[in-house]
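# Breakdown of the fold
These are the residues of each chain, in order.
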Amino acid sequence: MKTFGKSSSEKRPGPLQSIRKVMAGTINKKAEQGAAYLKKKTAHYSPRTWKMLLAAFILVGSAICIYIIVTAIYGTVNQSFNF
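Residues numbered from 1 in each chain as written. Predicted model: local features only at pLDDT ≥ 70, side-chain atom pairs only at ≥ 80, totals over all residues. Heavy atoms only, no water.

Let's shift gears to the overall build of the protein chain. On a plain count of helices and strands, the protein chain comes out with three helices and zero strands. The order of helices and strands in the protein chain, counted from the N terminus, is α-α-α. Looking at the protein chain as a whole, 2% of its 83 residues are labelled buried. Here the protein chain displays about 8,100 Å² of accessible surface, and carbon together with sulfur accounts for 67% of that area. (Helix = DSSP H or I, 4+ residues; strand = E, 2+ residues; numbered from the N terminus. Buried < 20%, exposed > 50% of the residue type's maximum accessible area, 1.4 Å probe, protein only. Areas by Shrake-Rupley, 256 points an atom, 1.4 Å probe, with all protein chains shown as cover.)

Moving on to the confidence of the model for the protein chain. Atom-level detail of predicted coordinates should not be read off regions where pLDDT is low. Confidence in the prediction for the protein chain averages 83 pLDDT; 75% of positions are at 70 or higher. The weakest mean pLDDT in the protein chain belongs to helix α3 (residues 77-80) at 54; the strongest belongs to helix α2 (residues 47-74) at 93. (pLDDT = per-residue confidence, 0-100.)

Between its first and last C-alpha, α2 extends 40 Å over 28 residues, near the 40 Å set by a 1.5 Å rise per residue. Just downstream of α2, G75 is the residue with a positive phi angle, here 100 degrees. (Expected span 1.5 Å × (residues − 1).)

Another aspect to go through is a nonpolar patch on the surface. A surface patch of nonpolar side chains, about 420 Å² in accessible area, is lined by V60, I64, Y67 and I68. Considering the arrangement of structural elements, one finds V60 in helix α2. (Patch = residues over 30% accessible without salt bridge, like charges linked within 9 Å, V, L, I, M, F, W, Y side chains within 5 Å. Salt bridge = Lys/Arg side-chain N within 4 Å of Asp/Glu carboxyl O.)

Below, the structure written as structure tokens:
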């Protein structure tokens with residue numbers, strides 16, 4: 001007696017599964033194209049450049065997080081930073 005219906009091997013592929021496969025293939029293809037493009041554009045970057053980009057990314061991300069935290073605590077940034 002089966003309590004959970006058909007197993008995955010017994011399911012018939014329907015049109016929805018075909019659409020999912022096409023969409024997944026398209027998304028993967030575009031992701032690979034984007035990765036190849038970025039790899040080609042950044043191939044000449046030195047380790048120093050990568051460190052500078054990483055530092056900039058961390059600083060910007062930290063600033064955004066601090067902004068969100070201050071806004072959540074005090075309401076608006078204008079009220080908390082009066083110059």
